[in-house]
Amino acid sequence: MPITDDFRARLFPVLPRITQHFATPFHIYDEAGIRATGARLREAFSGTRAFQEFFAVKALPNPAILRIMKDMGFGFDCSSITELILARQAGGRPEDLMFTSNNTSRHEFEVAEADGGCILNLDDITLIDKVPTFPDTISFRFNPGAERDGNAIIGVPAEAKYGLTRAQIPTAYHRAKARGATRFGLHAMLASNELDYTYMVTTANMLLELAADIQRAEGITFSFINIGGGFGIPYRPEESPLNIDALGREVTAALADFERSHGYQPALFMESGRYMTGPHGVLVTSAINRKDIYRTYVGVDACMTALMRPGMYGAYHHIEVVGKTADTPTEVVDVVGSLCENNDKFAIQRELPVIDDGDLVVIQDTGAHGHSMGFNYNGKLRPQELLLRDNGEVELIRRAETVADYFTTLDYEPVSLRL
């Protein structure tokens, strides 16, 4: 989806100055847009007894962005120890940190317990015995298998490596109680980039029904349910946005119904990542080459190592060319990078304004799973990240990688094992 008119109005007129100062390529994020989305999310669920968003750090693991989330009162959903460290450095307290890892080692649990710990959201029943010091609060991730459909990105639940089965769930809480847990949560994450809000409503109802079943079986109540992330954004111009207001109303009503039946209402947690930052970032790159063979290729100075979603998923990202108007002639082109892979393409057979060398090409909706999924194949170096502050200033929040960075891990004391 094209970026908001407000973001475009503040960004496009100053992009030539920004690129003159910082050079391309770069990701740039919009603080005002992120804060507006956070306020809207909180308002949508303001009717619940208690609500907390845990920003999915994997979407945009930059300290400057995490500090914005902390300032808005949000916590952090972490999938690794490194993400947990980032969240702690951004000011996350133990109660702000949801650690939802999978295939987790005992060492990782030991690190997670340091500095006051975090909320453990266990992905596997076997992990109960691998947690060295069992916490007071524990959550389990539920995988409903064939009971639910997934979607194209995350796959169907029955084939996913995540979570506990319905048969395992009661036993897991029984064993957690035996190890000393007294506060309990229940989590599910079943879809990614989902635009149908009713899917999330169904997930909330599913978790509430399961919570009631576990309460009857094990005599426990739930401090929270976590409906996960997966809130979608409309990448294509013709797509409609997620109806967050309807989602808020219907989930709030489901929680109220649960309270009438069971005498209490668990807090509502979620872990939106893409929804929070995805539309509020763009990858700005310069056209540097044009090649006419069987197709016309426009080469830019960014490549798939800065945004792998189109190559990995065939994902659509809207593209605009700065300075081109509706009257500019168009042509059908592939927009490509310099990686030695044929899927290094940001757009395939896309009708765009005629692009000349030096034009600024703005690849949109890169504020989530863009820079964070970057890599170094072909020795390519990941670009810088900038932040358009809500006061109009542009701040460097991550420098571009250098050749020296690439060779850092080759600078080590020789170690060998004689066999």
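Residues numbered from 1 in each chain as written. Predicted model: local features only at pLDDT ≥ 70, side-chain atom pairs only at ≥ 80, totals over all residues. Heavy atoms only, no water.

1. What about the pairing of strand S6 (residues 137-141)?
So, point 1. Within S6, five of the five residues are buried, leaving the element largely enclosed by the surrounding structure.
So, point 2. Side chains of S6 alternate between two faces, with Thr137, Ser139 and Arg141 and Ile138 and Phe140 buried alike.
So, point 3. Across three bridges, the pairing between strand S5 (residues 119-122) and S6 is parallel. For leucine 122, the partnering residue across the bridge sits in S6 and is phenylalanine 140. (Buried < 20%, exposed > 50% of the residue type's maximum accessible area, 1.4 Å probe, protein only. Helix = DSSP H or I, 4+ residues; strand = E, 2+ residues; numbered from the N terminus. Pairing = 2+ DSSP bridges.)

2. What to know about unusual backbone geometry
So, point 1. Along the chain, threonine 24 connects to proline 25 via a cis peptide bond; the corresponding omega equals 0°.
So, point 2. For proline 25, the location among the structural elements is in the loop between helix H2 (15-22) and strand S1 (26-30).
So, point 3. Backbone geometry at glutamine 349 places phi at a positive 50°, although glycine is not the residue there.
So, point 4. If you trace the backbone, glutamine 349 turns up in strand S14 (residues 345-353).
So, point 5. The exposure class assigned to glutamine 349 is partly exposed, which follows from its relative accessible area of 38%.
So, point 6. Its identity as a non-glycine residue notwithstanding, aspartate 365 has a phi of 60°, on the positive side.
So, point 7. Within the secondary structure layout, aspartate 365 lies in the loop between strand S15 (360-364) and strand S16 (384-388).
So, point 8. Taking relative accessible area as the criterion, aspartate 365 reaches 3% and is therefore assigned buried.

3. Here's the deal with the packing of aromatic side chains
So, point 1. One pass over the full model with this rule turns up nine aromatic pairs.
So, point 2. With a centroid separation of 4.4 Å and an interplanar angle of 20°, the aromatic rings of phenylalanine 224 and phenylalanine 269 are classed as stacked. Of this pair, phenylalanine 224 sits in strand S8 (residues 224-226) while phenylalanine 269 sits in strand S9 (residues 267-270); the two residues are 45 residues apart in sequence, bridging distant segments of the chain.
So, point 3. Residue phenylalanine 224 is classed as buried on the basis of its relative accessible area, which comes to 2%.
So, point 4. Consider the rings of tyrosine 406 and phenylalanine 407, whose centres lie 5.5 Å apart with planes at 85°: the pair is edge-to-face.
So, point 5. Tyrosine 406 gets classed as partly exposed once you look at its relative accessible area, which sits at 37%. (Phe/Tyr/Trp six-rings, centres within 6.5 Å; stacked < 30°, edge-to-face > 60°.)

4. Observations regarding the packing of helix H7 (residues 169-178) against helix H8 (residues 197-218)
So, point 1. Relative orientation of the contacting elements H7 and H8 amounts to 55°, with a least axis distance of 10 Å. If you check the angle between H7 and H8, you find them oblique. For H7 against H8, the interelement crossing comes out right-handed. On H8, the residues that touch Ile169, Pro170, Tyr173, His174 and Lys177 of H7 are Leu210, Ile214 and Glu218.
So, point 2. When its residues are assigned to classes, the contact of H7 with H8 shows five nonpolar, one polar and two charged. (Axes fitted to C-alpha atoms, helices over the stretch in contact; angles between N-to-C directions. Parallel < 35°, antiparallel > 145°, perpendicular 65-115°, else oblique. Left-handed = near helix turned anticlockwise from the far one by under 90°. Contact = heavy atoms within 4.5 Å. Nonpolar A, V, L, I, M, F, W, Y, C, P; charged D, E, K, R; others polar.)

5. Observations regarding the environment of methionine 72
So, point 1. Along the chain, methionine 72 turns up in the loop between helix H4 (63-71) and strand S3 (75-78).
So, point 2. Apart from the residues within four sequence positions on either side, methionine 72 is in contact with Ile34, Arg35, Gly38, Arg42 and Met276.

6. Some thoughts on a nonpolar patch on the surface
So, point 1. A contiguous nonpolar surface patch, about 550 Å² in accessible area, is contributed by Val403, Tyr406, Phe407, Leu410 and Tyr412.
So, point 2. Tracing the chain through its elements places phenylalanine 407 in helix H12 (residues 403-407). (Patch = residues over 30% accessible without salt bridge, like charges linked within 9 Å, V, L, I, M, F, W, Y side chains within 5 Å. Areas by Shrake-Rupley, 256 points an atom, 1.4 Å probe, with all protein chains shown as cover. Salt bridge = Lys/Arg side-chain N within 4 Å of Asp/Glu carboxyl O.)

7. Thoughts on the sheet that holds S9
So, point 1. Within the closed barrel, the eight strands sit side by side as S2-S3-S4-S5-S6-S7-S8-S9. Their pairing is parallel. The sheet shows a mean angle of 25° between the axes of neighbouring strands, taken without regard to direction.
So, point 2. Bridge count between strand S4 (residues 97-99) and S5: two bridges; the pairing is parallel. Looking at S5, one finds that methionine 98 is bridged to isoleucine 119.

8. Some words on the packing of helix H3 (residues 31-44) against H4
So, point 1. Taken N-terminus to C-terminus, the directions of H3 and H4 make an angle of 35°; their axes are 11 Å apart at the nearest point. Crossing angle aside, the handedness with which H3 passes H4 is right-handed. Residues Glu31, Ile34 and Arg35 of H3 pack against Ile65, Ile68, Met69 and Asp71 of H4.
So, point 2. Here the residues of the contact of H3 with H4 are counted per class, giving four nonpolar, no polar and three charged.

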